Amino acid sequence: MRMADDEAPVMQGPGPRHNGTPLDNSFACLSHRIVEQRNGRAPLSIAVGDIKDYTGKYSQGDGMSSPRADR
């Protein structure tokens, strides 16, 4: 398909489609809560629990990439 005679043809493919994820409902709920906060409701608070990084480290100091003098 050409939009004008002096332009290169434009390729056409399938139309867009909805690509949902399991988090769609959670994000929709969050967006509604943010709007409510702007309208005078109490501020939104988000808490994060124990996040595992599965590297085998026990603390922030374990697995440091820079050499230490005491080792």
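You'll find the structure just up there.
Residues numbered from 1 in each chain as written. Predicted model: local features only at pLDDT ≥ 70, side-chain atom pairs only at ≥ 80, totals over all residues. Heavy atoms only, no water.

Quick word on the overall build of the protein
Helix and strand counts for the protein stand at one helix and zero strands. Among the 71 residues that make up the protein, the fraction classed as buried is 1%. Surface exposure of the protein reaches about 7200 Å², of which carbon and sulfur atoms provide 55%. (Helix = DSSP H or I, 4+ residues; strand = E, 2+ residues; numbered from the N terminus. Buried < 20%, exposed > 50% of the residue type's maximum accessible area, 1.4 Å probe, protein only. Areas by Shrake-Rupley, 256 points an atom, 1.4 Å probe, with all protein chains shown as cover.)

Some remarks on the side chain of Arg33
Residue position: Arg33 is located in helix H1 (residues 24-38). Here Arg33 occupies a buried position and makes no salt bridge, while the nearest side chain of opposite charge, Glu36, is found at 4.5 Å. Contacts of Arg33, omitting those with residues within four sequence positions, involve Arg41, Ala42, Pro43 and Leu44. (Lys, Arg positive; Asp, Glu negative; His and termini not counted. Salt bridge = Lys/Arg side-chain N within 4 Å of Asp/Glu carboxyl O. Contact = heavy atoms within 4.5 Å.)

Read these as spatial facts, not as claims about activity.
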